[in-house]
Amino acid sequence: MMKKGNLLIKNAAELVTCSGFRAKKGKEMSDLQIILDGAVVIEEGIIKAVGKTEEILKQYSEENYEVIDASNKAVLPGFVDSHTHFLFGGYRAEEFSWRLRGDSYMDIMERGGGILSSVKATKEATKEELFESAMKRLDCMLSFGVTTVEGKSGYGLDYDTEMKQLEVMKEVDAVHPIDVVSTFLGAHAVPKEYKGKEDILIDFFIEKVMPDVAERKLAEFCDVFCEDKVFSIEQSRRLLTKAKEMGFKIKLHADEIVPLGGAELAAELGAISADHLLQASDQGIRDMEKAGVVATLLPGTAFSLKEEFARGRYMIDQNCAVALATDLNPGSCFTESIPLIFALATLYMGITTEEALTALTINGAAAVDRADKIGSIDIGKQGDIVILEFPSYKYIPYHIGVSTVEKVVKDGVVVFPKIEKV
Ligand SMILES: N=CN[C@@H](CCC(=O)O)C(=O)O
Ligand SMILES: [Zn+2]
């Protein structure tokens, strides 16, 4: 059980609350609900009061709390990185250089590399090795202000390795300050022996793996790589429909490389989010808006694969709720960097700084179905807070690619920088 703190943060130049308890759509994404000279009180890890410093100090005595003076600093909700594959064995640096020389991501996968090479390395890795490397990646994310992360299995594709990934994710969640939301992504790639027999693999997940994952509560979400030459719309529909019956919430890797209709399927099935969406159709975007599916965009991946970015501006103008995430993985996007995501979203996707901040806080929370608990500085939510070294959130994309985070608070406790006792 992580420690829960009693903390009072006062004199914040900007207290950027991002206030809300559900995903923000379209124009709502620009409304950050900022309190100038703001203060926030956290008791037992939960936000108790939010307001102007003067008002808060009339009601709450500083001597009952650890106090942080945030003069000349902006205070924001902790970031929610709602799409990652942070737990994996091995690396694929060689593949990166193949891509630089012109090989495509899908070609590398077709010839047995890509995801399948991470599957091999993850099968070979011990639980201890997976744990150690995952903890290191989460430490890096924490330094960027991430307080909740979604993590997927999918580098196993067999019973034992999928379970191993999910079990280690649970162990990491128990000891690391960042909260981990787990997703079962068994249907992430097709091993050689299942080529042309994808339906049999889907049956295997439905019958043999998912019931145990559900019973052992190893994952909250079920996801699928719905893509040409991976899993079809029909196979994805079958898998996710069963997943819903078993109590999983659902997500899709949708319309990343080919416009297959993944966005439409996400809306039809009532998915919590559809992710990537580089090739999502106008109809798919309209369907997602109507069905309230969060569009999770991963600009780091488009950048790393040298693809056109997803149409973030258009989606927001169509009144969608957009989230942004790193997609940290060993292949298509090996980065934990929130500043990089901010830079790409604002400079290349036509997304404003305000919208990007919403996309990484309350909408990230909505993408993991936790908008009632995290993603904003509201009374009753977890005391997950980021303090910048600068007086305004506007410095985040302006200081290009560099972290502006000075302190991170999780459940009312300062967890970054780590205070080493001497
Ligand atoms: N596109 C599919 N899956 C991952 C990549 C995983 C990998 O290349 O290892 C993604 O979201 O980008
Ligand atoms: Zn992914």
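These numbers were taken from a predicted model, which means no experiment stands behind them.

The immediate surroundings of ligand 1 are formed by 14 residues, with Ile115, Phe225, Asn329, Gly331 and Ser332 found nearest. Of the residues assigned to the shell around ligand 1, the class counts are four nonpolar, eight polar and two charged.

Attention shifts here to the domain arrangement of the chain. Here the chain is described as being made up of domain 1 (7-77 + 376-417) and domain 2 (79-368). Using C-alpha coordinates to define each centre, domain 1 is positioned 29 Å away from domain 2. Taken together, the contact pairs 28 residues of domain 1 with 30 residues of domain 2. Those elements giving two or more residues to the side of domain 1 that touches domain 2 turn out to be α16 (395-398), β15 (405-410) and β16 (413-416). Here the residues of the side of domain 1 that touches domain 2 sort into 16 nonpolar, six polar and six charged.

Where strand β1 (residues 7-16) lies against strand β2 (residues 34-43), seven bridges are found, and the strand directions are antiparallel. What sits directly across from Ala12, in β2, is Gly38. In this antiparallel pair of consecutive strands, β2 and strand β3 (residues 46-52), the connection spans two residues, and Glu44 shows a positive phi of 50 degrees.

Taken from the UniProt record, the annotation "binding site: Fe(3+)" (unreviewed entry) applies to His83, His85, His253 and Asp327. On the basis of their most widely separated C-alpha atoms, the annotated residues across 245 residues gather in one place, lying no more than 12.2 Å apart. Within the secondary structure layout, His83 lies in the loop between β6 (79-81) and α2 (93-100). Not counting residues up to four positions away in its chain, the partners in contact with His83 are Glu150, Asp275, Thr296, Leu298, Ala325 and Asp327. We classify Asp327 as buried; it has 27 C-beta atoms within 10 Å. Setting aside its immediate chain neighbours within four residues, Asp327 contacts His83, Thr84, Leu298, Gly300, Thr301 and Cys333.

Confidence in the prediction of the chain, expressed as mean pLDDT, is 97, and 99% of residues score 70 or more. Across the whole predicted complex the pTM is 0.98, and at the interface the ipTM reaches 0.97.

What counts and how
Counting restarts for each chain, with residues numbered from 1 along the sequence as it is written. Chain letters start at A and ligand numbers start at 1, both assigned in the order the entries are written. Local features are withheld for residues below a pLDDT of 70 in this predicted model, meaning they are given only at 70 or higher, and side-chain atom pairs are given and counted only at 80 or more; totals for whole chains, interfaces and linings count all residues. All residues are tested the same way: a C-beta atom is placed from the backbone, and lying within 6 Å of a molecule or strand makes the residue near it. In the scheme used here, Gly and all other residues not listed as nonpolar or charged are polar, with Ala, Val, Leu, Ile, Met, Phe, Trp, Tyr, Cys and Pro taken as nonpolar and Asp, Glu, Lys and Arg as charged. Source of the domain bounds: an automatic or database domain assignment. Contacts are defined on C-beta atoms placed from the backbone: any two residues whose C-beta positions lie within 7 Å are in contact. Secondary structure elements follow DSSP: runs of H or I of four or more residues count as helices, runs of E of two or more count as strands, with numbering from the N terminus. Pairing between strands requires that DSSP locate at least two bridges from one strand to the other. UniProt positions are given in the numbering used here, feature names are shortened, and annotations may be inferred rather than shown by experiment. Comment: burial labels come from other C-beta atoms within 10 Å of the residue's own C-beta, placed from the backbone, where a count of 20 or more is buried, 12 or fewer is exposed, and between is partly exposed. A score from 0 to 100, pLDDT tells how confident the predictor is in each residue.

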